[in-house]
Amino acid sequence: MFAYYFDLAFRSLKRNKALTALMVLAIALGIGACMTTLTVLHVLSGDPLPQRSGSLYYPQIDPRDMVDYGPNVEPPEQLSWVDGMYLLHAKRAARQALMTGGMVPLQPTQSTVDPFQAVALYTSSDFFPMFGVPFKYGTGWVDTEDEGKARVAVISASLNDKLFGGKNSVGQVLRLQETAFRIIGVLGDWHPNPHFYEWYMGSYASDEDVYLPLTTARDLKMEHDGSTDCWGNSGGDPEHLETVNCTWLQFWVQLDTPASVADYKSFLEHYSQDQHTAGRFLRPPNVRLRNLMQWLDYLQVVPSDTRLQMWLSLGFLAVCLINTVGLMLAKFMRRASELSVRRALGASQRALFGQLLIESGVVGLLGGLGGLLLALFGLWLVRQQPADYAELARMDIAMLLTTLIIAVGASLIAGLLPAWRACHVAPALQLKGN
Amino acid sequence: MEIRPIVSSLKKHRIPTLLIVLQIALACAVLCNAVFMISGRVKQMRLSNAMDEQGLVSVSLQGTDPKLIGSDTQRNLAALRSIAGVQAVSVVHTLPLTNNNWGWSFGITPDSSVTDQKNTNVTLYFVGQDFQSAMGLQLREGRYFNDSEYVDNAINNAALPNTHVVIITDALSKQLWPGQSALGKTLYSKPNYYTVVGVVADVLRPRLWTSNESKSYYNAFFPVGADDVMRNYVLRSTPADRDRVLQQAVEKLQATSPQAVVKGATFQSIRDKYYADTNSMVWILVLVCAVMLAVTAFGIVGLTSFWVGQRRRQIGIRRAVGATRADILNYFRTENFLLSSAGVVLGMVMAYGVNLYLMKQYELDRMPWYYLPFGALALWLIGQVAVSGPAMRAAAVPPVVATQPT
């Protein structure tokens, strides 16, 4: 029966090629546009560390003065050196790391490579175990090296390829800003997206070349990039960032149980209260403890243009679907006489309904396949764009299945109303007309 | 044209009528908002910039010893001046559209401090000698800086330069002192103060304000000699020499400082890079609009063709009892006009609603009212064009059809 209906559907679709092509094309265009933007959105709003994101938290406290104070103001997005170092050394979480990014001139010893500005992350030892950073060679540094301002560096796999041809470079010397660093580790493949831990360097596809101890970077007065937000009469003097009233550091902690999250939050509140009482924080305690995904939501890392495009393409898909419903209805109603003959010969309303629905399903399937091709083409176009997330715009299995399901589902819904209307033809009346 | 028979015929086809009205309405809503977004972006890309964009190239030099910056800068400037075809050379800390913004806020009263709410946020451009010729600026009032006003290490890691003169843009002058000349007036940010000695035509900031056009021009130029932040060499030549000058400049600077990181770019490429995302968004919007209108038009063609096919006999009868071809043609045109009208009325309401939502979610501006009739007109026209084919076929139905069985 099913096969017969399919055969009928194909015959009917072949009979009116222009109309069929129009319906398939409309669905394909709508699905193609929609899936392109949904895939981009899906990639950009993904979880950067699916295994760990649930236990990673971003603490915020409010050390500012009363200028612009109001109820429900959000605390600053970063920490000052004094607070950051206190929280880091307090070790109240399972793991914690303080960090900021910067650009540092890299002067290769190899004469074949021109000097260039390397993207650096200045951080502390827990960074590597806390985020589960994989190492290809060597390891990260330890607490004592943070304290000793050791001249050690961890480099990325791509920098290792560029400078050392991918060989084990642990123990080699790296010259940064006229200072010799010893390479102690080479990272494996690690590209969390969004680039959640240091978002000022770009939210997507911007991996660091080198990782250095924060204390070492400050000792050498390495330039810090990103936002420095000051209050009171402080300027962001890069020489004295340790003492000024400015926030410029990012801090992550690992908290594994709900109890430890609650403990950490009360620890932040107590710290703020103590500082407030001591007169260092002028504002009453105002803390936040967001987990990784909440933090990304709060920062709105997904570009608003991407979300606008998604809404636009949904509107477009709606236009295309309504268009298809209209055309399908026209097509089915035109065949009223054929349908009434089948009714008169004993086909039940249900059988007719099923047959018409299969016909619209076939249109949807063809449109979905076309839409898939168009989406792949659309994603290819996105990848040609200069945006920093362009490289990530690829379809995965989940989105591929979603595409097909949406396509067939949409056209079945589109076929539902026309099929329902058409299967209600009265057998006798139509026959009489002929 | 009598519209009552058309309305009663449409009433018999309620669902297709509703569908086509809904489709036109949705298309109208999407079209109005998309065109509004396109126009905003195009306007931003077309913001004027009173400098010689075509002849300008910039070469940045990073990673040299800050202690030697004084002698290095003099040597580099001299080396760049010797390149054939170079008309002017200077060194600055940033350029328009580079995203490298050094902002500060100033007031116009001596007690203004940086945190004052009523202050104006301004981009600081630290510029070296002869920057006006290198960038190709246009002086509106006053003068450029004297040689003696360029002091080495004027920034020296502070937030504001150690000088007391400033040149501002026209837009900033109008914002701070509307209706007056800015010459001789003073910008304050305790404990610093700067007297305006010149006003130049509007130059863009390193990063633009999307919501307020004139804010994109709030710039203040400060004279600075050699300093650690002054690492962007700018060279001006004729557009024909530009690419060669850039290449030679990069080679010269790399040769004199082999350990340094040297990066060159024409201003044209800086502009293209800044607007790349905006540009691709514009093309996406244009493409979606075009395809959506095409789908709508074909939908109208399909549905009207079906109706014409269905009513062949009625058309024949009307023709037989005296209706002319023009009457039949007008019937379908009027019918489409009614459908489009209902669609665009609904569509304009929807467009307004969508705009309100986008304003709340994405900080978009309010759509000016004239976008609505524009969108309506576009869909009316498309409807009329789309319907003319099937309507013509309907008009060609001969009266003899009335006598034939369907």
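Residues numbered from 1 in each chain as written. Chains lettered and ligands numbered in written order. Predicted model: local features only at pLDDT ≥ 70, side-chain atom pairs only at ≥ 80, totals over all residues.

Participant: Is there a simple way to explain the overall build of chain B in this structure?
Facilitator: When helices and strands are counted, chain B shows 10 helices and 11 strands. Computed over C-alpha atoms, the radius of gyration of chain B comes to 32 Å, more than 25% over the 22 Å expected from 2.2 N^0.38 for 406 residues, which places it beyond the range of a compact globule. Looking at chain B residue by residue over its 406 residues, the buried ones come to 43%. Nonlocal contacts in chain B, meaning residues at least 24 apart in sequence, comprise 83% of its contacts between residues at least 6 apart. (Helix = DSSP H or I, 4+ residues; strand = E, 2+ residues; numbered from the N terminus. Rg over C-alpha atoms; globule rule 2.2 N^0.38 Å. Buried ≥ 20, exposed ≤ 12 C-beta atoms within 10 Å, placed from the backbone. Contact = placed C-beta atoms within 7 Å.)

Participant: Please explain the overall build of chain A as it appears in this structure.
Facilitator: When helices and strands are counted, chain A shows 14 helices and 12 strands. Here chain A has a C-alpha radius of gyration of 31 Å; the compact-globule value for 434 residues is 22 Å, and the former is much larger. Based on the C-alpha atoms only, the size of chain A along its principal axes is roughly 100 × 60 × 35 Å. If you take every contact in chain A between residues at least 6 apart in sequence, the share linking residues at least 24 apart comes to 77%.

Participant: What exactly am I supposed to notice about helix α11 (residues 336-344) of chain A here?
Facilitator: Each full turn of the α-helix corresponds to 3.6 residues, which orients residues three or four apart in the same direction. Residues and elements named next belong to chain A. Looking only at α11, the buried set comprises L339, S340 and R343. For α11, the buried positions fall inside an angular range of 100° around the axis, keeping them on one side. Remark: G346 follows α11 within two positions and exhibits a positive phi of approximately 115°. (Arc of directions from axis to C-beta.)

Participant: Honestly, the domain arrangement of chain A in this entry has me stumped. Any pointers?
Facilitator: Interfaces are frequently sized by the accessible area removed from exposure as the parts join. Structurally, chain A comprises domain 1 (2-45 + 303-433) and domain 2 (53-299). Once you take the C-alpha centre of each, domain 1 of chain A and domain 2 of chain A turn out to be 50 Å apart. (Domains from an automatic or database assignment.)

Participant: Explain the domain arrangement of chain B to me, please; I cannot follow it from the model alone.
Facilitator: Per the domain assignment, the segments making up chain B are domain 1 (4-46 + 275-403) and domain 2 (64-259). Taken over C-alpha atoms, the centre of domain 1 of chain B sits 53 Å from the centre of domain 2 of chain B.

Participant: Would you take a moment to explain the packing of helix α7 (residues 267-310) of chain B against helix α10 (residues 371-395) of chain B for this structure?
Facilitator: When two helices pack together, their arrangement is given by the angle between their axes and by how far apart the axes lie. Residue and element names in this part refer to chain B. Closest axis-to-axis distance for the α7/α10 pair is 9 Å, and the angle between their directions is 25°. One way to sum up the angle between α7 and α10 is to call them roughly parallel. Crossing of α7 against α10: the hand is right-handed. In this structure, α7 uses L293, T296, A297, I300, V301, T304, S305 and V308 to contact α10, whose residues at the interface are I382, G383, V385, A386, V387, G389, P390, R393 and A394. The class makeup of the residues in the contact of α7 with α10 is 11 nonpolar, 5 polar and 1 charged. (Axes fitted to C-alpha atoms, helices over the stretch in contact; angles between N-to-C directions. Parallel < 35°, antiparallel > 145°, perpendicular 65-115°, else oblique. Left-handed = near helix turned anticlockwise from the far one by under 90°. Nonpolar A, V, L, I, M, F, W, Y, C, P; charged D, E, K, R; others polar.)

Participant: Where do I start with the interface of chain B and chain A in this structure?
Facilitator: Chain B puts 38 residues into the contact, and the matching count from chain A is 42 residues. For the side of chain B that touches chain A, the secondary structure elements donating two or more residues are α2 (14-45) and α7 of chain B. The element best represented in the side of chain B that touches chain A is α7 of chain B, accounting for 17 residues. A per-class count over the side of chain B that touches chain A returns 24 nonpolar, 13 polar and 1 charged.

Participant: What should I look at first to understand the UniProt feature "domain: ABC3 transporter permease C-terminal" (unreviewed entry) in chain B in this one?
Facilitator: Under the UniProt annotation, the feature "domain: ABC3 transporter permease C-terminal" (unreviewed entry) is placed at residues 288-396 of chain B. Secondary structure content for residues 288-396 of chain B is 87% helix and 0% strand, and the end C-alpha separation is 35 Å. (UniProt positions renumbered as here; feature names shortened; annotations may be inferred.)

Participant: Please clarify how the nonpolar core should be interpreted in this entry.
Facilitator: With 105 residues, the main nonpolar core has C28 and V30 of chain B as its most contacted residues. With 16 residues, the single largest contributor to this core is α2 of chain B. When residues no more than four places from it in sequence are discounted, the contact partners of V30 of chain B are L312, G315, F316 and V319 of chain A together with M292 of chain B. (Core = buried A, V, L, I, M, F, W, Y, C linked by C-beta atoms within 7 Å.)

Participant: Is there a simple way to explain the UniProt feature "transmembrane region" (unreviewed entry) in chain A in this structure?
Facilitator: Residues and elements named next belong to chain A. Sequence positions flagged by UniProt for "transmembrane region" (unreviewed entry) are, in local numbering, residues 21-44, 310-330, 351-377 and 397-420. Span residues 310-330 is 100% helix and 0% strand, its end C-alpha atoms 30 Å apart. For residues 397-420, the helix share is 100%, the strand share is 0%, and the end-to-end C-alpha distance is 34 Å.

Participant: Got a minute to help me understand the pairing of strand β7 (residues 186-189) of chain B in this structure?
Facilitator: Taken residue by residue, a regular strand's side chains alternate between the two faces of the sheet. All names here are of chain B. Alternating residues of β7 divide into L187 and S189, all buried, and T186 and Y188, none buried. The sheet contact formed by β7 and strand β8 (residues 192-200) spans 4 bridges and is antiparallel. In the strand pairing of β8, Y188 is matched with Y193. Hairpin geometry of β7 and β8 is characterised by an intervening segment of 2 residues between the two adjacent antiparallel strands. (Pairing = 2+ DSSP bridges.)

Participant: Where do I start with the packing of helix α2 (residues 17-44) of chain A against helix α10 (residues 304-334) of chain A in this structure?
Facilitator: All names here are of chain A. Where α2 contacts α10, the two axes come as close as 8 Å, and the packing angle between them is 160°. Overall, the two elements α2 and α10 adopt an arrangement that is roughly antiparallel. The crossing of α2 and α10 is left-handed. Residue composition of the contact of α2 with α10, grouped by class: 21 nonpolar, 7 polar and 2 charged.

Participant: Would you take a moment to explain unusual backbone geometry for this structure?
Facilitator: Both trends apply: most residues other than glycine have a negative phi, and most peptide bonds are in trans. If you check the backbone angles, E178 of chain A has positive phi at about 65° while not being a glycine. Tracing the backbone shows E178 of chain A in the loop between β6 (173-176) and β7 (179-187). With 12 C-beta atoms counted inside 10 Å, the residue E178 of chain A sits in the exposed group. Positioned with a positive phi, L97 of chain B is a non-glycine residue whose angle comes to about 65°. Checked against the element boundaries, L97 of chain B lands in the loop between β2 (88-92) and β3 (103-106).

Participant: Help me understand the pairing of strand β1 (residues 56-62) of chain B in this model?
Facilitator: All names here are of chain B. Within β1, 6 of the 7 residues are buried, leaving the element largely enclosed by the surrounding structure. Across 5 bridges, the pairing between β1 and strand β10 (residues 232-236) is antiparallel. Across the sheet, the residue bridging to V57 is L235, located in β10. Alignment of β1 against strand β11 (residues 261-266), held across 6 bridges, turns out to be antiparallel. Following the sheet pairing, S58 is matched in β11 by A265.

Participant: Explain the environment of V261 of chain B to me, please; I cannot follow it from the model alone.
Facilitator: Note on placement: V261 of chain B falls in strand β11. Residue classification places V261 of chain B among the buried positions, given that 21 C-beta atoms sit within 10 Å. Taking the C-alpha atoms as reference points, V261 of chain B and I3 of chain B, separated by 258 residues in sequence, lie 76 Å from one another. Residue contacts for V261 of chain B: discarding those within four places in its chain leaves P105, P115, F116 and Q117 of chain A together with Q62 and G63 of chain B.

Participant: Could you clarify how one ought to interpret the environment of F267 of chain A in this entry?
Facilitator: Inspection of the secondary structure assignment puts F267 of chain A in helix α8 (residues 258-277). F267 of chain A sits 175 residues away from R92 of chain A along the chain, and the two C-alpha atoms are 8.1 Å apart.

Participant: Even after reading the chapter, I still don't get the confidence of the model for chain B, so can you show me in this structure?
Facilitator: Predicted coordinates in areas of low pLDDT are best not read in detail. All names here are of chain B. Taken as a whole, chain B shows an average pLDDT of 89; of its residues, 98% reach a score of 70 or greater. Across chain B, strand β6 (residues 165-169) holds the top mean pLDDT of 96, while helix α1 (residues 4-12) sits lowest at 83. Among the prediction metrics, the complex's ipTM stands at 0.79, with pTM recorded as 0.78. (pLDDT = per-residue confidence, 0-100.)

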